[in-house]
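Given next are the chains, with one letter for each unit.
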Amino acid sequence: MTTPQTPAPHSTPVRPSGGHRTKTPVIAFLGTGRMGGPMAANLAQGGFELRVWNRTTSRTADLARQGVFVARSPAEAVEGAGIVISMMADGPATERAATGPDGFLARFPGLIWVQMATIGAGWSARLALMAARQGVTFVDAPVSGSQGPAQEGQLVILASGPDRVQDVLAPVFGALGRATLWLGPAGDGTKAKLVLNSWLVNLVEATAETLSFAGHLGLDPASIVELLRSTPLGSPYAVQKATTMLAGNFTPAFALKHALKDAELAVQAAHSSGTRLALTEALLPRWRQTALLHADNDLSAVYITA
């Protein structure tokens, strides 16, 4: 899910990723699923020394064929590494990898821990506190982009954390994305990601409703897509999703279950900050219902029930 970039106040500007790579510590990568697998592969192909772990070992097979070391536990993956990247399904899974019986957090003080999954503001704050207690530097750096950009190394990285780690992480982020935006203290990256994904799910919902509304009025929804495409009203992302909706092509770029999770995290963060996301809250019941049958489809599948 490619999302637009909106620099936060007082943030450093977006700078292109890439450039010459200096000596970088060994990297442990935890979580090699739909997003993490391509990200880890890009690091391996970029010449970084890499150690990986995934709860389902079969998802490390491609990396193993590339000669990447596959560990039997998070702790084994992190042994000898200076940087650990986590790209797990959610906050509880990330915490288990860090602090479970085979966790890494208490065993390797001095690490840089880069948490790149979208796990919510509460979990990011909790993990940052746990890391600080163990002498581990925590960097909150969720990514903006779907599986395609992950494979192509074209993600946008919403990084937040201490200034002192920016130089050592620059080549790592350069292998993963086309741009890195440093937003401030650890946690601000996740906050920005929730803001972007709240906007994204509302845009997809509006697109689905618009096409359904046109059909109920007796119009050809495809003609509305062309109208959107020819005016400033039709953002490229909305037009892309409208096209896939009408084609019935719900091959997942950003799975509905993940979009729903992010929408729920955004609503929770809004409540915690003393505000509400009325539009996002309103779409949740129907999206949950749609996810009962279409959780693994692309989020554009919400058109089916619009």
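Predicted, not measured: the structure shown is a model, and the values here were computed from it. (Residues numbered from 1 in each chain as written. Predicted model: local features only at pLDDT ≥ 70, side-chain atom pairs only at ≥ 80, totals over all residues. Heavy atoms only, no water.)

Caption draft 1: Structural view of the pairing of strand β6 (residues 112-115). Alternating residues of β6 divide into Ile112 and Val114 and Trp113 and Gln115, and every residue in both groups is buried. Pairing analysis gives 4 bridges linking strand β5 (residues 83-86) to β6, with the strands arranged parallel. Bridge assignment links Ile83 to a residue of β6, and that residue is Ile112. In terms of handedness, the path from β5 via helix α4 (residues 91-99) over to β6 forms a crossover that is right-handed. Here 4 bridges tie β6 to strand β7 (residues 137-140), and the two strands are oriented parallel to one another. (Buried < 20%, exposed > 50% of the residue type's maximum accessible area, 1.4 Å probe, protein only. Helix = DSSP H or I, 4+ residues; strand = E, 2+ residues; numbered from the N terminus. Pairing = 2+ DSSP bridges. Right-handed = clockwise from strand over helix to strand, strands pointing away.)

Caption draft 2: Structural detail: the sheet that holds β6. Strand order in this open sheet of 6 strands is β4-β3-β2-β5-β6-β7, and the pairing throughout is parallel. The outermost strands of the open sheet, each flanked by one partner alone, are β4 (69-70) and β7. Of the strands in this sheet, β2 (27-30), β3 (50-53), β5 and β6 are in contact with α4, which crosses β6 at around 165°. (Contact = heavy atoms within 4.5 Å. Axes fitted to C-alpha atoms, helices over the stretch in contact; angles between N-to-C directions.)

Caption draft 3: Just the nonpolar core, in detail. Counting residues in each nonpolar core, the largest one holds 57 residues, and the members touching the most others are Leu43, Phe104, Trp113, Val114 and Met116. Tallying contributions element by element places helix α7 (residues 166-176) first for this core, with 5 residues. In this view, Val114 contacts Ile83, Val84, Ile85, Ser86, Val139, Ala141, Leu169 and Phe173; residues no more than four positions away in its chain are not counted. Residues Leu200, Val204, Ala242 and Ala259 belong to the second largest nonpolar core, which totals 24 residues. (Core = buried A, V, L, I, M, F, W, Y, C linked by side-chain atoms within 4.5 Å.)

Caption draft 4: Broad picture of the side chain of Ser86. Looking at the element boundaries, Ser86 is found in strand β5. Among the polar contacts made by the side chain of Ser86, one reaches the side chain of Trp113 at a distance of 3.0 Å. In this view, Ser86 contacts Leu30, Thr94, Trp113, Val114, Gln115, Met116 and Ala117; residues no more than four positions away in its chain are not counted. (Polar contact = N/O pair within 3.5 Å; in protein donor to acceptor, adjacent residues only side chain to side chain.)

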